[in-house]
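The residues making up each chain are set out below.
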Amino acid sequence: MKNICILGSTGSIGTQALQVVKFNKDHFKIVGLAARSNLELMEKQIRLFHPHLAALEDEGKAKILKEKVKDTRTKVLAGQQGILQLASMPESDMVLSSIVGIAGLLPTLEAVKAEKDIALANKESLVTAGSILTKSVKKHGVNLIPVDGEHNAVFQCLAADKKKENLNKIILTASGGPFRNTDRKALHNVSPQQALKHPNWSMGKRITIDSATLMNKGFEVIEARWLFHVDVSKIHVVIHPESIVHSMVEFVDSSILAHLSVPDMRLQIQFAFTYPERMKSPVSYLDLIKTGQLNFQEADTDKFPCLKYAYQACETGGTMPTVLNGADEVAVDAFIKGKIGFMDIPAVIMETMSKHNLVSDPSLDDVIFADKWSRDFAKETILGIG
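Just so you know, these numbers come straight off a predicted model, no measurement behind them.

(A) Fine view of the packing of aromatic side chains. Per the counting criterion, the structure on display carries seven aromatic pairs. On the numbers, 5.2 Å between centres and 80 degrees between planes, the contact of Phe-179 with Phe-342 is edge-to-face. In this pair, Phe-179 is assigned in the loop between β8 (167–174) and α8 (192–195) and Phe-342 in the loop between α14 (320–336) and α15 (344–354), connecting sequence segments 163 residues apart. One exposure class covers both Phe-179 and Phe-342, and it is buried.

(B) Quick look at the pairing of strand β11 (residues 256–260). As paired strands, strand β10 (residues 245–251) and β11 are joined by five bridges and run antiparallel to one another. When the bridges of β11 are listed, Val-245 appears paired with Leu-260.

(C) The arrangement of the environment of Glu-250 in detail. The topology assignment puts Glu-250 in strand β10. Considering only alpha carbons, one finds Glu-250 and Pro-282, 32 residues apart in sequence, at a separation of 30 Å. Setting aside residues up to four positions removed in sequence, Glu-250 forms contacts with Asn-166, Leu-167, Asn-168, Lys-169, Ser-255 and Ile-256. A polar contact of 2.5 Å, which involves the side chain of Glu-250, links it to the side chain of Asn-168.

(D) Representation of the sheet that holds strand β3 (residues 53–56) in the model. Taking strand neighbours across the sheet as the criterion, the seven strands line up as β4-β3-β2-β1-β5-β6-β7 in an open arrangement whose pairing is parallel. Sheet topology places β4 (75–78) and β7 (144–146) at the edges, where each strand pairs with a single neighbour. The mean inter-strand angle of the sheet, taken between neighbouring strand axes irrespective of direction, is 20 degrees. In this structure, strand β1 (residues 2–7) lies alongside strand β5 (residues 94–97), joined through four bridges in parallel fashion. Residue pairing for β5: Cys-5 is matched across the bridge by Val-95. Strands in contact with helix α1 (residues 12–23) are β1, β2 (28–35) and β5; relative to β2, the strand with the most contacts, it is inclined by about 165 degrees. Here helix α2 (residues 39–49) sits on the sheet and contacts β2 and β3; the angle it forms with β2, its principal contact strand, is near 160 degrees.

(E) Structural context of helix α16 (residues 364–385). Taking 1.5 Å per residue as the helical rise, α16 with its 22 residues ought to reach 32 Å, and the 32 Å between its terminal C-alpha atoms agrees with that figure. Within the sequence span of α16, burial applies to Val-367, Ala-370, Asp-371, Ser-374, Arg-375, Phe-377, Ala-378, Thr-381 and Ile-382. In this structure, the buried residues of α16 make contact with α5 (105–113), α6 (123–140), α14 and α15.

(F) Main features of the sheet that holds β11. Pairing is mixed in the open sheet, where five strands are placed in the order β11-β10-β8-β9-β12. Looking at which strands have only one partner, the edges of the open sheet turn out to be β11 and β12 (297–298). Inspection of the sheet shows strand β9 (residues 235–239) paired to β12 by two bridges, in the antiparallel sense. Of the residues in β12, the one forming a bridge with Ile-239 is Gln-297. Running at roughly 150 degrees to β8, helix α10 (residues 215–227) makes contact with β8 and β9 of the sheet.

(G) Spotlight on helix α9 (residues 205–213). Burial of α9 is extensive: seven of the nine residues sit out of reach of the surface. When we look at burial in α9, the residues that qualify are Arg-206, Thr-208, Ile-209, Asp-210, Ser-211, Ala-212 and Thr-213. Next to the buried residues of α9 lie α6, α8, α10, α13 (305–316), α14 and α15. Looking one or two residues beyond α9, the residue adopting positive phi is Leu-214, at roughly 70 degrees.

(H) Geometry of the pattern of salt bridges. Throughout the structure, instances matching the rule amount to 21 salt bridges. Its salt-bridge partner being Arg-206, residue Asp-328 comes within 2.9 Å of it at the nearest N-O pair. Of this pair, Asp-328 sits in helix α14 while Arg-206 sits in helix α9; the two residues are 122 residues apart in sequence, bridging distant segments of the chain. Arg-206 matches Asp-328 in its accessibility class, with the two residues each being buried. Across the pair Arg-206 and Glu-329 runs a salt bridge, and its minimum N-O distance is 3.1 Å. Here Arg-206, found in helix α9, pairs with Glu-329, found in helix α14; they are 123 residues apart in sequence, far enough to count as distant. Under the relative-accessibility criterion, Arg-206 is labelled buried at 12%. The partly exposed category is assigned to Glu-329, whose relative accessible area is 23%. Because the salt bridges share partners, they merge into one network encompassing Glu-124, Arg-206, Asp-210, Asp-328, Glu-329, Asp-371 and Arg-375.

(I) A look at the packing of α13 against α15. Look at α13 against α15: their axes get within 9 Å of each other, and the N-to-C directions meet at 20 degrees. Taken together, the axis directions place α13 and α15 in an arrangement best described as roughly parallel. Of the two possible hands of crossing, α13 and α15 adopt the one that is left-handed. Between α13 and α15, the contacting residues are Pro-305, Cys-306, Tyr-309, Gln-312 and Ala-313 on the first element and Ile-345, Pro-346, Ile-349, Met-350 and Met-353 on the second. Partitioned by chemical class, the residues of the contact of α13 with α15 number nine nonpolar, one polar and no charged.

Rules behind the numbers
Residues numbered from 1 in each chain as written. Predicted model: local features only at pLDDT ≥ 70, side-chain atom pairs only at ≥ 80, totals over all residues. Heavy atoms only, no water. Phe/Tyr/Trp six-rings, centres within 6.5 Å; stacked < 30°, edge-to-face > 60°. Helix = DSSP H or I, 4+ residues; strand = E, 2+ residues; numbered from the N terminus. Buried < 20%, exposed > 50% of the residue type's maximum accessible area, 1.4 Å probe, protein only. Pairing = 2+ DSSP bridges. Contact = heavy atoms within 4.5 Å. Polar contact = N/O pair within 3.5 Å; in protein donor to acceptor, adjacent residues only side chain to side chain. Axes fitted to C-alpha atoms, helices over the stretch in contact; angles between N-to-C directions. Expected span 1.5 Å × (residues − 1). Salt bridge = Lys/Arg side-chain N within 4 Å of Asp/Glu carboxyl O. Parallel < 35°, antiparallel > 145°, perpendicular 65-115°, else oblique. Left-handed = near helix turned anticlockwise from the far one by under 90°. Nonpolar A, V, L, I, M, F, W, Y, C, P; charged D, E, K, R; others polar.

So, in structure tokens, the structure goes:
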């Protein structure tokens, strides 16, 4: 029995993780659940999974939740301190980090310091503080297992040959989002509703828009650089509309290993929970005959400049990926609210990056400052567009 704590339990990844736990209830036990503010769903999760601790970042809603579940044995915590306490709770063996945004960074670091294995679904932890997180993981001797489909695929492929000198290239696949066949000029007029209709995956709003701009794939390039300790020049992106091949690894002898499955995040979540073992999952088996063709094409960074900016931020290093992330989050939110157009998203990001004073070897305080600066600058830039 593995005791699991889920940070971000009411989000897309968190709810799918709880489906995995329910399917394998003889193998996993939920001991902690944390979320931002979804009071109603958190109450349902508490009553279904009976965690020792639950936490809501919204202190007002946490107070209401505490009253609602007083008939249970679950202790309710509040605010960021409550989430940090839950992330390091002694009872857990593994922490699933799936809080959206940079808000997930500090709880992830807290869990690592408490020597918990990490199932990582929070991109921002590596994008904004890759050096800090990976050093802490090494120092405390814990496992860092990626949950993102692409990195989970690379993680599994590299298990066949762990010699770094044998790795030639990491190939990350991208669906291309809803606009892969849309003319560049037409992208100026797409609506948030159109951008939120991902062809293959059901995800949160921000990550769905990031998939439409290919920024999500850019973040994954930065993550891969830290997860697998390779130079960014060895990380390539290809468009794969079917989302069946989740990623590939090319070795120096020219052989390529690929990871294939139906597009269902529960498979990657379960692998992270069971690693290094495997067990039956709630995911259906892949039928290659019904799948038919698998297609691949080059990623167009002129049409989708966010991917290009992510490579530039990764190559620059320091606080630049933090600025990339902060500006993107603000710009995506403004687009969803109808304040700017789709192609204004990369424009805001590029303007913010161009005005940033880089810190080459940042501390955690530097990362937090750069994040706040980038958000403030991006908001001012958006006001100018409006």
